[in-house]
Amino acid sequence: MAIFMFFIFISLTLIVTYWAAGRTSNLKTFYAAGGNITGLQNGLAISGDFMSAASFLGISGLVFSAGFDGLIYSIGFLVGWPIVLLLIAEPLRNLGKYTFADCVSFRLKQKPIRILSSCGALTTIIFYLIAQMVGAGKLIEMLFHIPYSLAVIIVGSMMVLYVTFGGMIATTWVQIIKAVLLLLGASIIAFLVLLNFHFDLTAFFNQAIQLHPKKIAIMAPGGLITDPISAISLGLALLFGTAGLPHILMRFFTVKNAKDARKSVIYATSFMAYFYILTFIIGFGAIIFLTNNPAYMTEDGKLIGDINMAAVHLSHAVGGNMLLGFISAVAFATILAVVSGLTLAGASAISHDLFPHFFLKRKLDEKIEMKVSKIASLILGLLAILLGIVFQNQNVAFMVGLAFAIAASTNFPVLLLSIYWKNLTSRGAIIGGGLGLITAIMLVIFSSTVWVDMLHFPEPFFPYKYPALFSMTVTFFVTYIFSITDSSTQAKIERKKFQDQKKQSIIGI
């Protein structure tokens with residue numbers, strides 16, 4: 001049943017890609033779907049981008065293992081959206097064309113700013129891609145009993161196919177189909193779980209408390225994050241990282257105007273709020289139906305396929321093979337759709353910003369830029385496969401947390417200041433954004449996640465898992481200092497251009 005539904009979905013998406021390929025003839029259609037996506041469609045596609053493997057598999061797995069604390073990610077992913085709605089969506093749509101670097105470089109130096117923006121975008125995308133590839137590999141390995149490495153290669157090949165041939169049109173419609181299916185699938189699982197308790201939430205939670213090894217502690221915070229610095233740092237990453245994710249920001253260029261950009265955010269937030277409530281029910285339902293159940297646990301008491309597979313196992317426990325097949329296909333669709341969006345955003349950063357301004361030092365013509373973008377998609381696909389294999393045993397929600405930390409440390413501060421702060425200069429943005437990016441990456445490497453778990457050193461240099469509190473502070477402080485002390489002729493020109501940029505960001509003409 002799972003295999004049958006897999007092939008139905010893959011066939012459907014390949015038909016969509018074939019249809020989209022015939023409509024992808026220039027850069028605007030390849031990067032921005034021609035600007036013809038409606039607010040509702042884009043809202044569904046954005047929520048599809050966010051309801052990723054980290055959300056569906058990772059958060060439900062964290063709730064299964066840690067209880068209440070798993071909600072940190074759900075709430076964090078959600079509360080960043082008012083910031084996007086109120087501060088970013090409209091000016092970004094009015095100032096940019098294909099990537100958020102278009103907006104940042106509107107009045108600043110094109111070459112260094114685009115190089116910095118593309119480095120920040122690519123670093124964020126690579127961390128996000130790792131999470132999706134790990135989720136995909138685990139899912140296919142468990143269902144088809146094939147080696148994990150082969151499973152990751154299959155997913156990487158599919159995503160390159162979607163992006164290379166279908167561009168943004170294919171990616172958008174794959175996201176929409178997947179968002180509808182995922183909302184439906186999660187609703188069915190939550191309904192069947194609660195039906196077993198006649199929708200009595202008190203009985204539902206009491207049963208989970210009795211069965212979980214931590215007992216009543218699963219209803220209290222502090223199990224997943226044990227110190228206030230880590231809690232604040234993760235909170236900042238999730239809150240502001242949303243407004244710095246390249247594949248999300250890129251979606252605002254697919255709509256006709258700023259009004260539709262705002263509508264997109266409102267629709268997306270509504271769909272995601274509903275979905276994250278469902279993941280909480282699914283996580284606690286997994287505690288009840290999977291704990292001590294030999295059909296889903298290994299001999300040493302661990303969940304088959306690791307905690308990332310809690311939602312998939314629960315679908316079988318409450319709905320049998322039919323629901324397992326449907327949810328497995330939806331989870332696979334989720335991962336394929338998200339990695340396609342990430343790959344397209346990464347390819348656009350390389351072909352639109354990095355390649356012409358760093359390597360060639362001149363603007364590319366449209367046909368050459370599309371070719372470069374397709375080659376970049378292939379390279380990113382190979383890199384995603386390699387990193388998916390290396391990071392095989394990491395929790396996917398945690399890996400996305402690191403991607404958010406980097407987005408919050410580099411992309412968001414520079415984007416926000418470029419839109420709203422008159423005194424921002426190229427010197428301040430480049431030094432501040434660059435140091436913020438380096439700080440975030442170095443702190444991730446020196447944390448226990450990489451330094452101890454992967455490199456096997458006895459003690460981490462950096463005692464916290466999440467770097468955002470420190471790296472964001474570096475970015476804002478250094479950007480401020482180097483901007484206000486910049487008295488160059490270039491800085492004076494950039495400050496004068498602010499009023500023209502402000503008009504453009506409001507009017508959009």
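Please read these numbers as outputs of a predicted model, since none were measured by experiment.

Details of the packing of helix H17 (residues 426–446) against helix H19 (residues 468–484)
Contact pair H17 / H19: the axes reach a minimum separation of 7 Å and the direction vectors enclose 160 degrees. Classified by the angle their axes make, H17 and H19 are roughly antiparallel. Note that H17 runs across H19; the crossing there is right-handed. Along its contact with H17, which presents Arg427, Gly428, Ala429, Ile431, Gly432, Gly433, Leu435, Gly436, Thr439, Ala440 and Leu443, the element H19 presents Phe470, Ser471, Val474, Thr475, Val478, Thr479, Phe482 and Ser483. Its residues assigned to classes, the contact of H17 with H19 comprises nine nonpolar, nine polar and one charged.

A few points about H17
In this model, H17 (21 residues) spans 30 Å end to end at C-alpha, consistent with the 30 Å of a helix rising 1.5 Å per residue. Residues of H17 that are buried include every one of Ser426, Gly428, Ala429, Gly432, Gly433, Gly434, Gly436, Leu437, Ala440, Leu443 and Val444, and no others.

A look at the packing of aromatic side chains
In this structure the tally under the stated criterion is 14 aromatic pairs. Judged by centre distance (5.6 Å) and plane angle (75 degrees), the rings of Phe197 and Phe204 are edge-to-face. In terms of burial, Phe197 and Phe204 fall into one category: buried. Through a chain of ring-to-ring contacts, the aromatic side chains of Phe197, Phe204, Phe205, Phe280 and Phe284 assemble into a single cluster.

What about the environment of Phe271?
Mapped onto the elements of the fold, Phe271 is located in helix H13 (residues 258–290). With 182 residues separating them in the primary sequence, Phe271 and Ala89 have C-alpha atoms 18 Å apart. Setting aside residues up to four positions removed in sequence, Phe271 forms contacts with Leu40, Gly43, Leu44, Ser47 and Leu183.

Points about the side chain of Ser105
For Ser105, the location among the structural elements is in the loop between helix H7 (100–104) and helix H8 (110–144). Apart from the residues lying within four places of it in its own chain, the contact partners of Ser105 are Gln110, Ile113 and Arg114.

A few points about the side chain of Lys178
By secondary structure assignment, the location of Lys178 is in helix H9 (residues 148–195). Accessibility expressed as a relative area gives 0% for Lys178, which makes it buried. Contacts of Lys178, omitting those with residues within four sequence positions, involve Gly48, Asp49, Met51, Ser52, Ala333, Thr334, Ala337 and Val338.

Considering a nonpolar patch on the surface
A surface patch of nonpolar side chains, about 410 Å² in accessible area, is lined by Ile438, Met442, Ile445, Leu455 and Phe457. Tracing the sequence through the fold places Met442 in helix H17. Judged by its relative accessible area of 34%, Met442 falls in the partly exposed class.

A few points about the environment of Gly48
With respect to the helices and strands, the residue Gly48 is situated in helix H3 (residues 39–50). The class of Gly48 is buried, set by a relative accessible area of 0%. Separated by 69 residues in the primary sequence, Gly48 and Ser117 have C-alpha atoms spaced 24 Å apart. Beyond its immediate stretch of four places on either side in the chain, Gly48 contacts Gln175, Lys178, Ala179 and Val338.

Concerning helix H20 (residues 489–496)
Every buried residue of H20 is listed here: Ala491, Glu494 and Arg495. Seen from one end, H20 has its buried residues packed into an arc of 100 degrees, which puts them on one side. Counted as exposed and oriented over 90 degrees from the buried face of H20: Thr489, Lys492 and Lys496. The elements touched by buried residues of H20 are H17, H19 and helix H21 (498–507).

Regarding the pattern of salt bridges
Under the defined criterion, the tally for this structure stands at two salt bridges. Residues Arg262 and Glu90 are paired through a salt bridge, measuring 2.7 Å at the closest nitrogen-oxygen approach. A residue pair is termed long-range when its members are at least 10 positions apart, and Arg262 in helix H13 and Glu90 in helix H6 (residues 81–95) qualify at 172 residues. By relative accessible area, which is 24% here, Glu90 ends up partly exposed. Where Arg114 meets Asp102, a salt bridge forms, and the shortest distance between an N and an O atom there is 2.8 Å. You can see Arg114 sitting in helix H8 and its partner Asp102 sitting in helix H7, a full 12 residues away along the chain.

What counts and how
Residues numbered from 1 in each chain as written. Predicted model: local features only at pLDDT ≥ 70, side-chain atom pairs only at ≥ 80, totals over all residues. Heavy atoms only, no water. Axes fitted to C-alpha atoms, helices over the stretch in contact; angles between N-to-C directions. Helix = DSSP H or I, 4+ residues; strand = E, 2+ residues; numbered from the N terminus. Parallel < 35°, antiparallel > 145°, perpendicular 65-115°, else oblique. Left-handed = near helix turned anticlockwise from the far one by under 90°. Contact = heavy atoms within 4.5 Å. Nonpolar A, V, L, I, M, F, W, Y, C, P; charged D, E, K, R; others polar. Expected span 1.5 Å × (residues − 1). Buried < 20%, exposed > 50% of the residue type's maximum accessible area, 1.4 Å probe, protein only. Phe/Tyr/Trp six-rings, centres within 6.5 Å; stacked < 30°, edge-to-face > 60°. Patch = residues over 30% accessible without salt bridge, like charges linked within 9 Å, V, L, I, M, F, W, Y side chains within 5 Å. Areas by Shrake-Rupley, 256 points an atom, 1.4 Å probe, with all protein chains shown as cover. Salt bridge = Lys/Arg side-chain N within 4 Å of Asp/Glu carboxyl O. Arc of directions from axis to C-beta.

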